[in-house]
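Descriptive structure summary
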Amino acid sequence: MTDIPAATQRSRVRVPLRFGDGYRVDSELVTFHGLVDGQEHLAVVLGEPGPNPLVRLHSECLTGDVFGSARCDCGPQLREAVERIAERGGVLLYLRQEGRGIGLYNKLDAYALQDQGLDTYAANTALGLPEDGRDYTAAAQMLKALGIESLDLLSNNPDKAGQLRDLGIDVRDRVPTGVFTTAHNVRYLRAKVLQTQHTLPLGELSVG
């Protein structure tokens, strides 16, 4: 287990959320002091978190979360996570880690290489960037600042659970998200299964 600096809560503010399909829910947004990477990450508290809340670590995706890009599954995952967490009680950590940590411009450069036939991980490598540059130390800081040290993780990504455990968070269970395929993201989803062992049903991810 790695000892990490303590973060503290900076502010809490109630914000009602509304999605394009009409779903609405009340939330509380929490900001923090002392995060190791200096980024403005947010905790979105939903429902009534219990002793083992449902938690999702959601990496920011401007193209998917805001513009509804069909090249990834980020927007639908965000929408699903908010409702599932609100029903059970828990927290969504919205982490400023665009493009698996490489940034927006680099992500779009990687898209251009994917259009030439590379998968999402090979495209990052071709740009001299890590396949996945995300570090979840700040996420563990946020959870501890919220008093959460044991949780169920809403994620298909085993690396998130592994990093949180190494950082002293008790991940009791990893709960898979839904599968959100489009004609434009099937190869992307298959690459996540084959390259980084995401728990998605490979047989359902056929290229149309």
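Before reading on, note that the structure itself is shown above.
Before going into details, it helps to say that this report is about the structure given with it. All values derive from a computational prediction rather than experimental measurement. (Residues numbered from 1 in each chain as written. Predicted model: local features only at pLDDT ≥ 70, side-chain atom pairs only at ≥ 80, totals over all residues. Heavy atoms only, no water.)

**A word on the overall build of the protein chain**
Helix and strand content of the protein chain: eight helices and seven strands. Residues counted as buried form 50% of the 208 residues belonging to the protein chain. Here the analysis covers contacts within the protein chain between residues at least 6 apart in sequence; of these, 61% occur between residues at least 24 apart. Looking at the protein chain as shown, the accessible area adds up to about 10100 Å², and 49% of this sits on carbon and sulfur atoms. (Helix = DSSP H or I, 4+ residues; strand = E, 2+ residues; numbered from the N terminus. Buried < 20%, exposed > 50% of the residue type's maximum accessible area, 1.4 Å probe, protein only. Contact = heavy atoms within 4.5 Å. Areas by Shrake-Rupley, 256 points an atom, 1.4 Å probe, with all protein chains shown as cover.)

**Concerning the pattern of salt bridges**
For the structure on display, the rule yields ten salt bridges. In this structure, glutamate 28 and arginine 12 form a salt bridge, with 2.9 Å as the shortest nitrogen-oxygen distance. One end of the pair, glutamate 28, is in strand E2 (residues 24–33); the other, arginine 12, is in strand E1 (residues 8–18), and 16 residues separate them in sequence. Taking the shortest distance from any N to any O, the salt bridge between arginine 71 and aspartate 115 comes out at 3.1 Å. Residue arginine 71 is found in the loop between helix H1 (62–66) and helix H2 (74–88), and its partner aspartate 115 is found in the loop between helix H4 (104–114) and helix H5 (120–126); the two are separated by 44 residues along the sequence. Relative accessible area serves as the criterion here: at 59%, aspartate 115 is assigned to the exposed category. Through salt bridges with shared partners, a single network forms among Asp21, Arg79 and Glu83. (Salt bridge = Lys/Arg side-chain N within 4 Å of Asp/Glu carboxyl O.)

**Here's the deal with unusual backbone geometry**
For arginine 100, which is not glycine, the phi torsion reads 55° and is therefore positive. Within the element layout of this structure, arginine 100 appears in helix H3 (residues 98–101).

**Some points on the state of the cysteines**
The full count for this structure, using the stated rule, is zero disulfides. Summary of cysteine pairing: cysteine 61 is not part of a disulfide, and the nearest cysteine sulfur, belonging to cysteine 74, is at 3.7 Å. Here cysteine 61 falls in the buried class, since its relative accessible area comes to 4%. Not part of a disulfide, cysteine 74 finds its nearest cysteine sulfur in cysteine 72, a span of 3.5 Å. Judged by relative accessible area, cysteine 74 falls into the buried class, the value being 13%. (Disulfide = S-S within 2.5 Å.)

**Regarding the pairing of strand E4 (residues 54–59)**
The buried fraction of E4 is high, at six of six residues. Side-chain alternation along E4 places Leu54, Arg56 and His58 on one buried face and Val55, Leu57 and Ser59 on a second face that is also buried. With six bridges joining them, E4 and strand E5 (residues 90–95) adopt parallel strand pairing. Note that in E5 the partner of histidine 58 across the bridge is tyrosine 94. In the sheet, E4 pairs with strand E6 (residues 150–154) via two bridges, with the strands oriented parallel. When the bridges of E6 are listed, leucine 54 appears paired with aspartate 152. (Pairing = 2+ DSSP bridges.)

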